[in-house]
Amino acid sequence: MGILTKIMTTAAVATALIATSASAETKRIAIVAKALGIGFFEAAAKGANEAAAELGDVEIIYTGPTDTTAEGQIEVINSLIAQRVDAIAVSANDTDALVPTLKRAMDRGITVISWDSGVAPEGRQMHLNPSSNPLIGNTIIKLAADHLPEGGDVAVLSATTTSTNQNIWIEEMTKVLPDYPGINVVATVYGDDLADKSYRETQGLLQTYPDLKAIIAPTSVGIVAAAQAVTDAGKVGEVNVTGLGLPSEMAGHVKSGASQSFAIWNPIDLGYAATYIAYELASDKAEAAPGAEISMGRIGTVTLDDNNEGAMSDPFTYDASNIDEFSSIF
Amino acid sequence: MSVTSEEPRGRQIPDRLTSPLRKALSSWELLLFGVAVAIFIANSFASPWFLDPWNLSDASFNFTEKALIAFAMAMLIIAGDIDLSVASIIALTSTMMGLAMMAGAPMPVLVLVGLVTGLVCGAFNGLLVAGFGLPSIVVTIGTMSLFRGISYIVLGDGAFTGYPASFAYFGQGYVWWVITFELFLFALFAVIFGVLLHKTSFGRAVYAIGNNATAARFSGIRVNRIRFILFLQTGLMSGIAAICLTSRLGSTRPSIATGFELEVVTMVVLGGVSILGGSGSIPGVVIAALVMGLVTFGLGLLNVPGIVMSIIIGALLIGVIALPRLWSMWRR
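Conventions we followed
Residues numbered from 1 in each chain as written. Chains lettered and ligands numbered in written order. Predicted model: local features only at pLDDT ≥ 70, side-chain atom pairs only at ≥ 80, totals over all residues. UniProt positions renumbered as here; feature names shortened; annotations may be inferred. Helix = DSSP H or I, 4+ residues; strand = E, 2+ residues; numbered from the N terminus. Buried ≥ 20, exposed ≤ 12 C-beta atoms within 10 Å, placed from the backbone. Contact = placed C-beta atoms within 7 Å. Rg over C-alpha atoms; globule rule 2.2 N^0.38 Å. Domains from an automatic or database assignment. Pairing = 2+ DSSP bridges. Axes fitted to C-alpha atoms, helices over the stretch in contact; angles between N-to-C directions. Nonpolar A, V, L, I, M, F, W, Y, C, P; charged D, E, K, R; others polar. Core = buried A, V, L, I, M, F, W, Y, C linked by C-beta atoms within 7 Å. Left-handed = near helix turned anticlockwise from the far one by under 90°. Arc of directions from axis to C-beta.

Looking at an unreviewed UniProt entry, one finds chain B named Autoinducer 2 import system permease protein LsrD and attributed to Paracoccus caeni.

Per an unreviewed UniProt entry, the recorded name for chain A is Rhamnose ABC transporter substrate-binding protein, and the organism is Paracoccus caeni. The UniProt entry for chain A carries the following text under Sequence similarities (unreviewed entry): "Belongs to the bacterial solute-binding protein 2 family." As stated in UniProt under Subcellular location (unreviewed entry), the record for chain A gives "Periplasm".

Below, the structure written as structure tokens:
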């Protein structure tokens, strides 16, 4: 037993020495996905590598479990802790279950941040949201207004009456409405995030408001159904469908002209920003505290709120110029 | 199991037959042990971080909870049954403990709730299989959906958090130095189940049932009663695993332990337990648990993607199972 302990301790000391000498040269930043093989996270990894190339002394370890389970993510994080990486940036499968493991990572001097899908405050130093409710609310009305220089009637196709996210976004949109003179929101209807109900509600809108110029659907189900309904009614070019959607599902409607543009977060930027923030924190160039401003390279800076959360940017706008590039990603 | 000290007998007629099955089994464990040692050595060379007691201690969480269930599952499979609902028992047990926690129950009550829920789930499976004579695979596929379904009804997309600090000991505490409480449980139950299966008449009856349940019944073994107990035992071990896992995660979600059942069965089969029943040993399962833990941790250190990792585990399983067969075919 004594000899074994000695060998183990010697090995531990030796590895500790190797580890510290290695980390003095490059910062090893782990980007942990919800699961491997998902386009969104592969794109984020692309952004992370872009940031690493810019920063120079950064090595990206892109990893994640096979399934979107908290247990799988914990195994991955345990092995990252064992490798003594400098920073872990995780999109969590579970807000709470990762906390004990990530706490241990922080105890061992590893910088821990979450991005996209957050971890409870005690399990990370900061969380990077892709966007914020006010930014989203502003973006969805701006997308409609940009194509209506003379103003006009627009309608909102939401999810359910109780969908928290959509309600907040519409509320934020209403707040900034005076900034867009000439734009009248004539109705808000609810498609319950069901393709067929959203389709019927859109048909209703088209009949009730013949002068309708745009439909804003801040839901990925609604926006596709609305674009289809507009196409089927032969109103492509008259009524512009916009809102929040997924490039892969919207590519056809952007090409047909049913949707001039729509928005959603850009996973490449998200991976880039998460890497940048992790680097800034791990190299002590910034500190995660309420009110702190942390650089995100080409994207700008993020300001942390009282929960050490920050929003990256406006949702990214997708139109005919970039839809092909992103529709293969997510 | 016991060391045979016979001298080479040449063409003498032995006074006691050593079954070829027994021989194959003992060589199986040896083979598996060889694999474990090889993986250990390969890992130490492949990554400078492998041979660190704390890292190895962290890595033990990769298999301890699953191994606790695997011990009971091994006995169940040896007796010719299977329980695919174990991961769902964990989900339901964890949910029940969460409900108790929300009601303000202190730590000892939480543990009691965990153990009782596991036992009740096991009893339900056992009743359907041993009491009503339904096939175990059908029953437990059903209860797999049933138990987890109840968790989903209770929790939806929510979670229970805020377990008392003393409850964290089961999944995060250390007994001594790097020995976690879970690792201690693993060793303790390895011994308990080893003795139970290999040194008691109950264990012999389990083998007898797995080899020929009808013959076992005619020999005076209360077959259904033993099968019921085996399900009860599997439920209890799932309950214990649920306590550990919930404590380690510090929270409960209905998706907890998803996919554990297949990993447990993999562990058991890798340990040399015949999926058709009748043969296998606890030491085999112990080594298989270590092998799986070492492989996943070692590959994790090299940042091998999880998809590649499952391919390697699959190849290992087929390899270790096929090798002795091929060997005996070649010898023939």
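Now, onward.
S.K.: Describe the overall build of chain A, naming the residues involved and giving the relevant values.
M.R.: A tally of helices and strands in chain A yields 11 helices and 14 strands. Along the longest, intermediate and shortest principal axes, the C-alpha atoms of chain A span 85 × 35 × 35 Å. Out of the 330 residues belonging to chain A, those deemed buried represent 51%. Taking as baseline every contact in chain A between residues at least 6 positions apart, the subset at least 24 positions apart corresponds to 71%.

S.K.: Provide a residue-level description of the overall build of chain B, including the pertinent values.
M.R.: In terms of regular secondary structure, chain B is built from 14 helices and four strands. Taken against the 2.2 N^0.38 rule, which gives 20 Å for 332 residues, the C-alpha radius of gyration of chain B at 21 Å falls within 12% of a compact globule. A buried classification covers 49% of the 332 residues belonging to chain B. Intrachain contacts of chain B at a sequence separation of at least 6 include 78% that bridge at least 24 residues.

S.K.: Describe the domain arrangement of chain A, and please don't skip the residues or the numbers.
M.R.: Taken domain by domain, chain A comprises domain 1 (2-130 + 267-313) and domain 2 (133-264). In this structure, domain 1 of chain A and domain 2 of chain A have C-alpha centres spaced 37 Å apart.

S.K.: How would you explain the UniProt feature "domain: Periplasmic binding protein" (unreviewed entry) in chain A if you had to name every residue and give the values?
M.R.: In the numbering adopted here, UniProt assigns the feature "domain: Periplasmic binding protein" (unreviewed entry) to residues 29-285 of chain A. In residues 29-285 of chain A, helix accounts for 46% and strand for 20%; the two terminal C-alpha atoms are 15 Å from one another.

S.K.: How would you sum up the sheet that holds strand 5 (residues 126-129) of chain A? Please name residues and give values.
M.R.: All names here are of chain A. With parallel pairing, six strands are arranged side by side in an open sheet as 2-1-3-4-5-13. Of all the strands in the sheet, just strand 2 (58-63) and strand 13 (309-311) have a single pairing partner and so form its edges. Averaged over neighbouring strand pairs, the angle between their axes works out to 20 degrees when direction is ignored. As paired elements, strand 5 and strand 13 share three bridges and run parallel to each other. Note on strand 13: the bridge partner recorded for N129 is A311.

S.K.: Just give me the short version of the interface of chain B and chain A, but keep the residues and values in it.
M.R.: With 31 residues of chain B at the interface, the matching set in chain A holds 29 residues. Residue assignment for the side of chain B that touches chain A shows that the elements contributing at least two residues are helix 2 (53-59), helix 11 (223-249), helix 13 (282-301) and helix 14 (306-331) of chain B. Class assignment for the residues of the side of chain B that touches chain A results in 13 nonpolar, 14 polar and four charged.

S.K.: A description of the nonpolar core should follow, citing residues and the corresponding values.
M.R.: Core analysis: the biggest nonpolar cluster contains 203 residues, and I31(A), I88(A), A89(A), I277(A) and V291(B) have the highest contact counts within it. For this core, the two domains that each supply at least three residues are domain 1 (2-130 + 267-313) and domain 2 (133-264) of chain A. Residues in contact with A89(A), not counting those within four places in the same chain, are I29(A), A30(A), I31(A), V32(A), I113(A), W115(A), A274(A), T275(A) and A278(A).

S.K.: Any details on the packing of helix 8 (residues 220-232) of chain A against helix 9 (residues 247-256) of chain A? Residues and values, ideally.
M.R.: Residues and elements named next belong to chain A. The N-to-C vectors of helix 8 and helix 9 enclose an angle of 35 degrees; their axes lie 10 Å apart at closest approach. Crossing handedness for the pair helix 8 and helix 9: left-handed. On the side of helix 8, the interface is formed by S220, I223, V224, A227 and T231, while helix 9 contributes E249, M250, H253 and S256. Here the contact of helix 8 with helix 9 is composed, by residue class, of four nonpolar, four polar and one charged.

S.K.: With reference to specific residues and values, describe helix 9 of chain A.
M.R.: All names here are of chain A. Listed in full, the buried residues belonging to helix 9 are P247, M250, H253 and V254. Buried residues of helix 9, viewed axially, fall in a sector of 125 degrees; they line one side. Lining the buried residues of helix 9 we find helix 8, strand 9 (240-243), strand 10 (261-264), strand 14 (316-319) and helix 11 (323-327). Of the residues one or two after helix 9, G257 is the one with positive phi, at around 95 degrees.

S.K.: Hey, could you go over the UniProt feature "transmembrane region" (unreviewed entry) in chain B for me, with residue numbers and the actual values?
M.R.: Residues and elements named next belong to chain B. In the numbering used here, UniProt assigns the feature "transmembrane region" (unreviewed entry) to residues 30-51, 63-79, 175-197, 228-250, 256-277 and 307-327. Taken end to end, residues 30-51 has its terminal C-alpha atoms 23 Å apart, with 77% of it in helix and 0% in strand. Along residues 63-79 the backbone is 88% helical and 0% strand, and the end-to-end C-alpha distance reaches 24 Å.

S.K.: Give a detailed account of the sheet that holds strand 9 of chain A, specifying residues and quantitative values.
M.R.: Residues and elements named next belong to chain A. The four strands lie next to each other as 7-6-8-9, forming an open sheet whose pairing is parallel. Each end of this open sheet is capped by a strand with a single partner; those strands are strand 7 (183-190) and strand 9. When the angles between neighbouring strand axes are averaged without regard to direction, this sheet yields 25 degrees. Seen against the sheet, helix 7 (residues 195-208) touches strand 6 (152-158), strand 7 and strand 8 (212-217) and runs at an angle of roughly 145 degrees to strand 7.

S.K.: Just give me the short version of the environment of D179(A), but keep the residues and values in it.
M.R.: Checked against the element boundaries, D179(A) lands in the loop between helix 6 (164-176) and strand 7. Spatially, the C-alpha atom of D179(A) lies 9.5 Å from that of N138(A), the residues being 41 residues apart in sequence.

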